[in-house]
Amino acid sequence: MPAAPPVTPDGRYIVVRGRLWRRANPALADDVRQATVDALMDARRAVAAANQANDPDARATARQAVDRAKVALGERGPVWWDDGSPDLNRHMARTTPYAAWFAGLGAVT
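Residues numbered from 1 in each chain as written. Predicted model: local features only at pLDDT ≥ 70, side-chain atom pairs only at ≥ 80, totals over all residues. Heavy atoms only, no water.

**Q** Just checking my understanding: could you explain helix 1 (residues 30-53) for this structure?
**A** Helical periodicity: at 3.6 residues per turn, an α-helix aligns residues three or four positions apart in one direction. In a regular helix each residue adds 1.5 Å, so 24 residues correspond to 34 Å; helix 1 covers 34 Å between its end C-alpha atoms and thus fits that length. When helix 1 is considered as a whole, its buried residues turn out to be T36, L40, A43, V47 and A50. (Helix = DSSP H or I, 4+ residues; strand = E, 2+ residues; numbered from the N terminus. Expected span 1.5 Å × (residues − 1). Buried < 20%, exposed > 50% of the residue type's maximum accessible area, 1.4 Å probe, protein only.)

So this is what it looks like as structure tokens:
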């Protein structure tokens, strides 16, 4: 199994191939988080099925379901922190305030 990606010191992002990706809101109750992850996985399977069937309407519907789940998890949409820090989702870690921390990891992840 691959190693878990590094998590920024403040817990807001993971780093994949040098890019920051917003993590789920840690304040979500475990049952809510699990139900939302389950809905996300169902929606991703629906996207795959729509792609397999070459059904653009089903694909659009499934992608909307993926987006709703990602927003509910806090990975998209409004940020889940309240200290006024900007959202750096999808930014390269080396070009953000996390640059020194990222450089200290010693390898591009």
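**Q** Is there a simple way to explain the environment of D30 in this structure?
**A** As for its position among the elements, D30 is in helix 1. Sequence separation between D30 and A93 is 63 residues, and the spatial gap between their C-alpha atoms is 29 Å.

**Q** Any chance you could explain a positive patch on the surface here in plain terms?
**A** Judged by side-chain charge, R17, R19, R90 and R94 come together as a positively charged surface patch. Assignment of secondary structure puts R17 in the loop between strand 1 (13-16) and strand 2 (19-22). (Patch = residues over 30% accessible without salt bridge, like charges linked within 9 Å, V, L, I, M, F, W, Y side chains within 5 Å. Areas by Shrake-Rupley, 256 points an atom, 1.4 Å probe, with all protein chains shown as cover. Salt bridge = Lys/Arg side-chain N within 4 Å of Asp/Glu carboxyl O. Lys, Arg positive; Asp, Glu negative; His and termini not counted. Charge placed at Lys NZ, Arg CZ, Asp CG, Glu CD.)

**Q** Got a minute to help me understand the pattern of salt bridges in this structure?
**A** Side chains that differ in sign of charge can pair as their charged atoms come close. A complete count under the given rule lists 6 salt bridges for this structure. One salt bridge in this structure joins D10 and R12, with 3.9 Å as the shortest N-O distance. Taking relative accessible area as the criterion, D10 reaches 35% and is therefore assigned partly exposed. Here D87 makes a salt bridge to R22, at a shortest N to O gap of 2.6 Å. Of this pair, D87 sits in the loop between helix 2 (56-73) and helix 3 (99-104) while R22 sits in strand 2; the two residues are 65 residues apart in sequence, bridging distant segments of the chain. For R22, a relative accessible area of 6% gives the class buried. When salt bridges with common partners are traced through the structure, they connect D10, R12 and D83 into a single cluster.

**Q** Please clarify how the pairing of strand 2 should be interpreted in this entry.
**A** Within a regular strand, the side chains alternate between the two sheet faces. Covered by surrounding structure in strand 2 are L20 and R22 only, the residues R19 and W21 on the alternate face being uncovered. Relative to strand 2, strand 1 runs antiparallel, the two sharing 4 bridges. Residue pairing for strand 2: Y13 is matched across the bridge by R22. Connecting strand 1 to the antiparallel partner strand 2 that follows it, the hairpin turn spans 2 residues, and R17 within it adopts a positive phi of roughly 50 degrees. (Pairing = 2+ DSSP bridges.)

**Q** How should I be thinking about the side chain of R12 in this particular structure?
**A** Relative to the assigned elements, R12 resides in the segment before strand 1. Aside from chain neighbours lying at most four places away, what touches R12 is W21, R22, R23, W80, W81, D83, S85 and Y98. (Contact = heavy atoms within 4.5 Å.)

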